[in-house]
Amino acid sequence: MQAPPPLPWYKEPWPWILICITGLGVVAGSTLAFIGISSPPEIVRGDYQRLAKFITESDERASTARSLGLAGRLAVTGSEVALSLAATSPDALPGELMVQFRDPATSEGDRTVLLTRLGEDRGEYRGPVPEPPNPRSHVIVSDLARSWVLSGRLDGAGRVIAVEARQP
C-alpha cells in the first residue's frame, strides 16, 4: 500500500495561519503608528523655558504670600467669581486681583478673570466669568504685579474652595 503524495505547502492550512497572524501584527502596528503620528499629544508642545521659569518663581511667590499672611476662599457661582481674602494687614490688599483657571486637560479650557475689591475695609472681591471653568480646574490667584500667588483646585461647580500659599 502506497502513501498518498504530500500536498504542496500552499495547500496546507498551517502556513496560511502563521502568515495571517504575522500580517495582522504588521497591519495593527502600522495603524497605531499612523494614529500616533497624525495626532501628537498636546503635552509635547509649548514653551518649556517659560513653564520652568514659572515653576521656579512660583515657590518664591508662595513664600511672599505666606509672609503676608494671605489665605482665602473662592466660589464660582453661575457667571461670577467671588473671593474672600484675608491678610495680616488688610489695608495692604490690592484693588484688583487676577484669577486663572487652568483646565486639567487642554489649554483651550483655561480662563482668566479680573476681580475687583468691593470695599476698602474688607477683603471681598468679585468679577464676571464669561464661561464657567472646568469643575476640576487648578486655580491660581495673584495680584496684577504677580508678586505673590495663592492656589487651589476646584472640586465641583459652585463649591467653595480654599486658596492658600502653596506651589501651584
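Only a predicted model underlies this, so the values are computations on that prediction, with no experimental measurement involved.

Peer 1: For the overall build of the protein chain, give the residues involved together with the corresponding values.
Peer 2: Each helix and strand in the protein chain was counted, giving 2 helices and 8 strands. Beginning at the N terminus, the succession of helices and strands in the protein chain can be written as α-α-β-β-β-β-β-β-β-β. Counting over 168 residues, the protein chain shows a buried share of 30%. Taking all contacts inside the protein chain whose residues are at least 6 apart in sequence as the whole, residues at least 24 apart take part in 51%. Carbon together with sulfur atoms contributes 61% to the accessible area of the protein chain, which is approximately 11,100 Å² in total.

Peer 1: Quick rundown of the side chain of Asp 103? Include the residues and the values.
Peer 2: Along the chain, Asp 103 falls in the loop between β3 (96–102) and β4 (111–117). Arg 111 provides the closest opposite charge to the buried, unpaired Asp 103, separated from it by 6.8 Å. A distance of 3.2 Å separates the side chain of Asp 103 from the side chain of Asn 134, its partner in a polar contact.

Peer 1: I'd like to hear about the nonpolar core, residue by residue, with values.
Peer 2: Membership of the largest hydrophobic core comes to 23 residues, with the highest contact counts inside it found for Leu 74, Leu 83, Leu 85, Phe 101, Val 139 and Val 141. If you list the elements that add at least two residues to this core, you get β1 (71–77), β2 (80–86), β3, β4, β6 (138–143) and β8 (160–163). Ignoring anything within four residues of it in the chain, the contact list for Val 141 reads Leu 74, Leu 83, Leu 97, Met 98, Val 99, Trp 148, Val 149, Leu 150 and Val 163.

Peer 1: Outline the pairing of β4, listing residues and values.
Peer 2: Residues Arg 111, Val 113, Leu 115 and Arg 117 line the buried face of β4, whereas the alternating positions Thr 112, Leu 114 and Thr 116 sit on a face that is not buried. As judged from the 2 bridges shared by β4 and strand β5 (residues 124–128), these two strands associate in the antiparallel manner. Among the inter-strand pairings, Thr 116 is bridged to a residue of β5, identified as Arg 126.

Peer 1: Tell me what's going on with the pattern of salt bridges, and back it up with residues and numbers.
Peer 2: By the definition in use, this model includes 1 salt bridge. The closest approach of N and O atoms between Arg 111 and Glu 131, which form a salt bridge, is 3.0 Å. Placement of the pair is Arg 111 in strand β4 and Glu 131 in the loop between β5 and β6, with a sequence separation of 20 residues. You can call Arg 111 buried: its relative accessible area is 18%.

Peer 1: Please provide a residue-by-residue account of a nonpolar patch on the surface, values included.
Peer 2: Taken together, the side chains of Trp 9, Tyr 10, Trp 16 and Ile 19 make up a nonpolar region of the molecular surface, amounting to roughly 480 Å² of accessible area. Considering the arrangement of structural elements, one finds Trp 9 in the segment before α1 (13–38).

Peer 1: An account of the packing of aromatic side chains is requested, with residue identities and associated values reported.
Peer 2: Centre-to-centre distance and the angle between the planes together describe a pair of aromatic rings. On inspection of all chains with the given rule, the structure shows 2 aromatic pairs. Pairing Trp 9 with Tyr 10 gives two aromatic rings, centres 6.0 Å apart and planes at 85 degrees, and the pair type is edge-to-face. Among the residues examined, Trp 9 registers a relative accessible area of 54% and is labelled exposed. Accessibility expressed as a relative area gives 47% for Tyr 10, which makes it partly exposed. Through pairs of rings, three or more aromatic residues link up here, namely Trp 9, Tyr 10 and Trp 16.

Scoring rules and cut-offs
- Residues numbered from 1 in each chain as written.
- Predicted model: local features only at pLDDT ≥ 70, side-chain atom pairs only at ≥ 80, totals over all residues.
- Heavy atoms only, no water.
- Helix = DSSP H or I, 4+ residues; strand = E, 2+ residues; numbered from the N terminus.
- Buried < 20%, exposed > 50% of the residue type's maximum accessible area, 1.4 Å probe, protein only.
- Contact = heavy atoms within 4.5 Å.
- Areas by Shrake-Rupley, 256 points an atom, 1.4 Å probe, with all protein chains shown as cover.
- Lys, Arg positive; Asp, Glu negative; His and termini not counted.
- Salt bridge = Lys/Arg side-chain N within 4 Å of Asp/Glu carboxyl O.
- Polar contact = N/O pair within 3.5 Å; in protein donor to acceptor, adjacent residues only side chain to side chain.
- Core = buried A, V, L, I, M, F, W, Y, C linked by side-chain atoms within 4.5 Å.
- Pairing = 2+ DSSP bridges.
- Patch = residues over 30% accessible without salt bridge, like charges linked within 9 Å, V, L, I, M, F, W, Y side chains within 5 Å.
- Phe/Tyr/Trp six-rings, centres within 6.5 Å; stacked < 30°, edge-to-face > 60°.

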